[in-house]
Amino acid sequence: MVIQLLNGMQLAMLLFLLSVGLSVVFGLMRFVNLAHGTLFMLGAFVGLSTVEATGSFWWALVAGTLASAIVGGLLYLGLLRRLQAESPLKQVLVTFGLIFIGLEAARIIWGDYAERLPGPALLAGSTALFGVVYPTYRLFVIGLGLAVAAMLYFGLERTRVGAIIRAGVDDRTMTAALGIDIGRVFFVVFVLGCALAGLAGVVAGPVLSVYAGMDMGVLVLSLVVVVIGGPGSLKGAFVGAILVGMVETFGQVWLPEVAGMLLYGLMAAVLALRPQGLLPAGPRP
Amino acid sequence: MTPPASGTRHVVAVLLAAAAGGYWLASGYYGKELLAETAITAILAMSLSLLVGQAGLVSLGHAAFFGIGAYALAGFGARLGWPPALAMAAAVATGAVAALLVGLVAVRLAGVFFIMITLAAGEMAHAWFLKDRLFGGVGGMAGVPRLDLSAIGIDTGDPASFALLALGVAILVYLLLDRLVLSPFGQTLRAIHQNEERARALGCPVGRYKLAAFVVAGAVAALAGTLAAQRSAFVSPELLTWTLSGEVLIVVIVGGGASLLGVSAAAALWIGLRHQLSTLTDHWMLAMGAIFVVLVLVAGDGIDGAVRGLWRRLAQRRGP
Amino acid sequence: MIPAAMPPALAADGLRKSFGALEATRGVSLSLPPGRRHAIIGPNGAGKTTLFNLLAGALRPDAGRVRLGSADVTADGPDARARRGLARSFQRNSLFPGMTVEAALMTAAAIAGGLGAVFWRRFDRDRGLADGAAEIAARVGLADRLAVPVANLAYGAQRQLEIGLALATRPAVLLLDEPTAGMSPEETRAMQRLLAGLPRTITILVIEHDMDVVFDLAERVTVLDYGQVLLEGTPDEVRASDLVRRRYLGDRTG
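Our subject in this report is the structure included herewith.

The rules behind these values
Residues numbered from 1 in each chain as written. Chains lettered and ligands numbered in written order. Predicted model: local features only at pLDDT ≥ 70, side-chain atom pairs only at ≥ 80, totals over all residues. Heavy atoms only, no water. Contact = heavy atoms within 4.5 Å. Buried area = accessible area lost by both parts, 1.4 Å probe. Salt bridge = Lys/Arg side-chain N within 4 Å of Asp/Glu carboxyl O. Polar contact = N/O pair within 3.5 Å; in protein donor to acceptor, adjacent residues only side chain to side chain. Helix = DSSP H or I, 4+ residues; strand = E, 2+ residues; numbered from the N terminus. Nonpolar A, V, L, I, M, F, W, Y, C, P; charged D, E, K, R; others polar. Buried < 20%, exposed > 50% of the residue type's maximum accessible area, 1.4 Å probe, protein only. Pairing = 2+ DSSP bridges. Axes fitted to C-alpha atoms, helices over the stretch in contact; angles between N-to-C directions.

**What about the interface of chain A and chain B?**
In many analyses, interface size is given as the accessible surface area lost on bringing the parts together.
Thinking step 1. Contact residues are listed per partner, giving 45 residues for chain A and 38 residues for chain B.
Thinking step 2. When the area that chain A buries against chain B is broken down by residue, the three leading residues are A:L93, A:F100 and A:Y264, summing to 18%.
Thinking step 3. Linking chain A with chain B are one salt bridge.
Thinking step 4. Taken together, the connections running from chain A to chain B amount to five residue pairs in polar contact (both at pLDDT 80 or more).
Thinking step 5. For the side of chain A that touches chain B, the leading source of residues is helix α4 (residues 88-110) of chain A, giving 17 residues.
Thinking step 6. Looking at the side of chain A that touches chain B residue by residue, the classes come out as 35 nonpolar, three polar and seven charged.

Have a look at this one:
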């Protein structure tokens, strides 16, 4: 039971790292980057190559995060920004096309085989906690997720940049009218979201296996997180991630036959009761 | 946006059917297989066209209903041993029920959210069949029976006959959906697409109409799925992948969205192109993704205008 | 003329609506007997649009009731109210830009008539709908433009179609949201004639900025101010009221 709770928490934190970018980008720009999972996969693969080259998980963490941030930034500047003036639908569909390209590119560069990214030696082994023995690395994942959540919360609530982002989520025309370069805010938030996706990819490497196509499963889970949590909100992404992580984990253990349906049921139930999601931020279009 | 109500579409329909017939006469074994695949893809694309082109609902999970139809046929026909015709009807009904369950959640949400929900629901269905034990999980299941038409002297086991059968079903689906598109129901869907707020103010229970369109599209997609399962006598989770949903959406965009004949012709074009690409490279999905991105980029207002937008741009390039 | 026992065609009772700290509508009541022409005026920010949306069903009130005839429609959305005989126009044209004038009018009638569920007949060959569309088009002055795409109509003609779509539903009650907004004086006069010519079987409530239109059309006028009814009376009473003059008419030189 405690082990499943920790497993659920670990999945929840991975999902949080992945969904928070999606969610806040949606709150600001009203579109969803379906290639977000692809950036997660990119982070994992770059991390894998870095470990193979340097032998260090920590360098992999840096390289994977940076790679996703850079590719995400280029995507934004080269493609998505141009579509900002057009419909959000187009942006979403373009990013859907990018999933195909990302998948095949990954197959070409890294091949078709699943590999496990070796975790850091420092965190190998297990730790006794709450009366159970639990892999130390997984505790690290939970801790990292909580730390990032705390930092983002502090950043959004207490800093000037955070205030601008919150204002942008609430009312973007008004924020732009205040003389704030909203385009730059979009860019920074988008790249930060991509970096977190890359970070999640590397961190997930030792837990899930790394392979071309690993992106779709997590993308769907994080879409559910965004829809359930209420788009645009950090708290929503956090609460949504925990709900989805727990339902998914306990579903697989207790009701493996219907685990998929369970998640759909959760989403349907939340939307039936609260069409805006649990903790929405800002007005919806 | 408004469908061509003129008689010219009948001429185009007959020409398309004649072309398919001519190909059937001229082609060998492989050509017959391609023809059946084209007919199946055309049915699937026409069903999505009802959603995208008429109601303006862009679904990224349409393959789920295709796959559910195929699996349901395997379940009723192979596992339970029902006669294939009855199993097919039950499979179509299963597709409709699945679409109802997804639609009840999805049609409440607009635009980007609708896309997210359909993609998520489709992938969940895919994950379900990856794990299930009844139908062989990842490996899938063989032994799906074909429709028995021996009573009227047709051996559907023969690829040539099966291709004709698939073509016949595609023509029936075209006639049915053409009727639907040109009816007050179709007009109401277009009204919702063009101006949902106004449609509601005129007294239209918008959600119910979207749901009806979603269910019809799901049922027709399931019908296409039953044919796909019969063609290969095999079902696997591949039938429900998001890549297939994406492919069909490309076909619909290329075919002009709202035009049933346009998307059918685009289906033929796409199947041909895909076979060419896949003989050239293992990574044809790369090209497909690029095509997808370019199509969306050049689309004017609304993705159903993609091809028109492309022509316009080309014309502008050539102009002074 | 009208028996006293007959329920009002449209009635609002104690409507309230707040947006956060802003109380946009603070206890507004109205009652329109069948056939009445009623106008709502008030300075910008008086809560006219909120009240309109509460009546049309686009917003739900925090408190109070809305009745159409003998039916309580407070809990109904815009579509359910429309099916009970309420039609509305929009301040900003809200049309079907991809259709012709004829198709748009036929569509409106088909939706209102509950024909939308019919899937076996041809829409474009429905004589009844086409005849109805021609009749409405003639009424709103678009008889010669039936085949014109809505998107190609001039602004004034689009405003006429805006009314036409509402009329195509054969409403008992018609809510008009600034029907002459953005119109030239000439177009405004045409719209005035159009509205004056509507049959008495239709009860009309109009929000309007142009006082000539209001005093020309309305038999009763409600003056809103800060979300409350400042005064309700005949056009002459409203014109004569010092209170209204100070609060509203005096503010405007036009």
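From this point on, the discussion continues.
**What to know about unusual backbone geometry**
Thinking step 1. Positive phi, close to 55 degrees, is recorded for B:A233, a residue that is not glycine.
Thinking step 2. Mapped onto the elements, B:A233 comes out in the loop between α9 (206-232) and β2 (234-235).
Thinking step 3. Since its relative accessible area comes to 28%, B:A233 is described here as partly exposed.
Thinking step 4. Positioned with a positive phi, C:Y226 is a non-glycine residue whose angle comes to about 50 degrees.
Thinking step 5. Tracing the sequence through the fold places C:Y226 in the loop between β9 (220-225) and β10 (228-233).

**Remarks on the interface of chain B and chain C**
Thinking step 1. At the junction of the two partners, chain B supplies 26 residues and chain C supplies 32 residues.
Thinking step 2. The junction of chain B with chain C conceals about 2500 Å² of combined surface from both sides, 59% of it contributed by carbon and sulfur atoms.
Thinking step 3. A salt bridge links B:R198 to C:E162; its shortest N-O distance comes to 2.2 Å.
Thinking step 4. Inspection of the chain B/chain C interface yields 14 residue pairs in polar contact (both at pLDDT 80 or more).
Thinking step 5. Those elements that provide at least two residues to the side of chain B that touches chain C are α6 (159-182), α7 (184-194), α8 (196-201) and α9 of chain B.
Thinking step 6. Among the elements that make up the side of chain B that touches chain C, the one with the highest residue count is α7(B) (seven residues).

**Overview of the sheet that holds strand β3 (residues 37-41) of chain C**
All names here are of chain C.
Thinking step 1. Pairing in this open sheet of six strands is mixed, and the strands run β6-β7-β8-β3-β9-β10 from one edge to the other. Two strands in the sheet have a free side with no partner beyond their single neighbour: β6 (86-88) and β10. Adjacent strand axes in the sheet meet at a mean angle of 20 degrees when their direction is disregarded.
Thinking step 2. Where β6 lies against strand β7 (residues 173-177), three bridges are found, and the strand directions are parallel. Across the sheet, residue R88 finds its bridge partner in β7, namely L175.

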